[in-house]
Amino acid sequence: MSESAAQEISMGRRQLLSYVTGGAIAATTLAALYPVVQYFLPPSSSGGGGGATAKDRAGKDIAVDKLLADSAPIDRVISLGIDVNGGDATYIVINDKQIANYGINAVCTHLGCVVPWDTGAQLFKCPCHGSQYNADGSLHRGPAPMPLALVKAAVQDNHVVFSPWTEQDFRCSDLWCNKDPYWKK
Ligand code: FES
């Protein structure tokens, strides 16, 4: 091999090495920046991170302005949300004409019937065996053993986005009650 040919090969190797090194640095930098970039990106309409946009019975996204116009000042409106307790039927909680920061899973903790909201009584009343829940989903009367499960609710772009509730149960005020959400997976 001539000297110039050997030099060319050596140049080629050096270039390749510098590309590889450069690529590795770029990849590392990108990986480090990823959480920062994620932080500034607006959440997608599907909510991301296990979130879901509340839908009506026809499977259409519920519009918050229309919902508030059609609902009582204090209301509980059933929607398709996220499955946290064996079913995705989820109540949107409206207090003083505003969407609360939590939603209520509609699956009865007794044997799994979907629990209707009774506007007059301001209670959820299970038609199957008579369990009742207060307006925040806490247990009012058995045989159901536990409160209705919670989900987080946030208003984004005129839609309600549900995501899993993993914090302590804010309805649990007694010393004996279990603040850790039983529905947490
Ligand atoms: S399923 Fe609701 S009370 Fe039995």
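What counts, and at which threshold
- Residues numbered from 1 in each chain as written.
- Predicted model: local features only at pLDDT ≥ 70, side-chain atom pairs only at ≥ 80, totals over all residues.
- Heavy atoms only, no water.
- UniProt positions renumbered as here; feature names shortened; annotations may be inferred.
- Pairing = 2+ DSSP bridges.
- Helix = DSSP H or I, 4+ residues; strand = E, 2+ residues; numbered from the N terminus.
- Buried < 20%, exposed > 50% of the residue type's maximum accessible area, 1.4 Å probe, protein only.
- Contact = heavy atoms within 4.5 Å.

Per an unreviewed UniProt entry, the recorded name for the chain is Cytochrome b6-f complex iron-sulfur subunit, and the organism is Gloeobacter kilaueensis. Check the Subunit (unreviewed entry) section of the UniProt entry for the chain; it says "The 4 large subunits of the cytochrome b6-f complex are cytochrome b6, subunit IV (17 kDa polypeptide, PetD), cytochrome f and the Rieske protein, while the 4 small subunits are PetG, PetL, PetM and PetN. The complex functions as a dimer." Turning to the chain, the UniProt annotation filed under Function (unreviewed entry) states: "Component of the cytochrome b6-f complex, which mediates electron transfer between photosystem II (PSII) and photosystem I (PSI), cyclic electron flow around PSI, and state transitions."

Participant: An account of the sheet that holds strand β7 (residues 132-133) is requested, with residue identities and associated values reported.
Facilitator: Here four strands make up an open sheet; going across it, the order is β5-β6-β7-β8 and the pairing antiparallel. Bordering the open sheet on either side are β5 (117-118) and β8 (139-141), each of which pairs with just one other strand. Bridge count for β7 against β8 is two bridges, and the pairing is antiparallel. Considered in β8, the bridge of glutamine 132 is made with arginine 141.

Participant: Break down the sheet that holds strand β1 (residues 52-53) for me, citing the residues and quoting the values.
Facilitator: Adjacent strands of a sheet pair through backbone hydrogen bonds, lying either parallel or antiparallel. Across the sheet, six strands lie side by side as β1-β10-β9-β4-β3-β2; this open sheet has antiparallel pairing. Of all strands in the sheet, those bounded by a partner on one side alone are β1 and β2 (75-80). Relative to strand β10 (residues 159-164), strand β9 (residues 150-156) is paired through six bridges, and the arrangement is antiparallel. Counted as the bridge partner of glutamine 156 is histidine 159 from β10.

Participant: Can you tell me about the environment of isoleucine 62, naming the residues and giving the values?
Facilitator: Mapped onto the elements, isoleucine 62 comes out in the loop between β1 and α2 (64-70). For isoleucine 62, a relative accessible area of 10% puts it in the buried group. The sequence separation of isoleucine 62 and histidine 159 amounts to 97 residues, and the corresponding C-alpha distance is 6.1 Å. Apart from the residues within four sequence positions on either side, isoleucine 62 is in contact with Ala54, Lys55, Asp56, Leu67, Ser79, Ile92, Asn158, His159 and Val160.

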